[in-house]
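Listed below are the residues making up each chain.
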Amino acid sequence: MINLNVWNLLFIVINILILFIAMKKFFFKPIQDIITKRQEEADEQFEKAGEQTACAEALKHQYEQSVKDMENERKTVLSEARSNADAEYRRIIADAAREAEQMKQTAKEEAKQQKAQILKSAEREIADFVVDAAAKIAGDSNGAEANRALYSKFLDKAGDKRDTI
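Residues numbered from 1 in each chain as written. Predicted model: local features only at pLDDT ≥ 70, side-chain atom pairs only at ≥ 80, totals over all residues. Heavy atoms only, no water.

Quick look at the overall build of the chain
Here is step 1: Of regular secondary structure, the chain possesses two helices and zero strands.
Here is step 2: Burial status across the chain gives 4% buried among its 165 residues.
Here is step 3: Looking at the chain as shown, the accessible area adds up to about 15,200 Å², and 60% of this sits on carbon and sulfur atoms. (Helix = DSSP H or I, 4+ residues; strand = E, 2+ residues; numbered from the N terminus. Buried < 20%, exposed > 50% of the residue type's maximum accessible area, 1.4 Å probe, protein only. Areas by Shrake-Rupley, 256 points an atom, 1.4 Å probe, with all protein chains shown as cover.)

Structure follows, in structure tokens:
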């Protein structure tokens, strides 16, 4: 059987307490310190990751805002360019219309001047024919036959002049 002695029992309890204290000091405390350090490192890494995530979110927001601003600026520039192009188009069309009207007016004036010159020239030639005919009639009084010949000659000369005009 087992013989239990109070002294033995006391000695076993003391040995267990000493062993517990020694293990706590040399085994559990270093392990607990290592676990605490690792937990702190993990917390730091999570904190850094959170900061980097926040920084990335801020950069993403800033980038998106920049893209929106650029899009708005692009729309504004395009709108201004279209407006300027439209104004330039209208100005060019108006200038062309004015120029065309001016050219038309100039052509009308030149045509009127040419017409007036042609009429004056024709009037002079007709007057010359009439004077020549009157001179021949006055100088030649051979009768009706001479008048017919003179009239035919006048018409021939007038026809030749009309063809050259």
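Comments concerning the packing of aromatic side chains
Here is step 1: If you walk through the whole model with that rule in mind, you get one aromatic pair.
Here is step 2: Aromatic pair Phe27 and Phe28: ring centres 5.3 Å apart, planes at 65°, arrangement edge-to-face. (Phe/Tyr/Trp six-rings, centres within 6.5 Å; stacked < 30°, edge-to-face > 60°.)

Quick word on the pattern of salt bridges
Here is step 1: Taken as a whole and judged by the stated rule, the model has five salt bridges.
Here is step 2: The partner of Arg91 in a salt bridge is Glu88, with the nearest N and O atoms 2.3 Å apart. Highlighted residues: Arg91 and Glu88, both in helix 1 (residues 6-139), separated by three residues, approximately one helical turn.
Here is step 3: Relative accessible area serves as the criterion here: at 35%, Glu88 is assigned to the partly exposed category. (Salt bridge = Lys/Arg side-chain N within 4 Å of Asp/Glu carboxyl O.)

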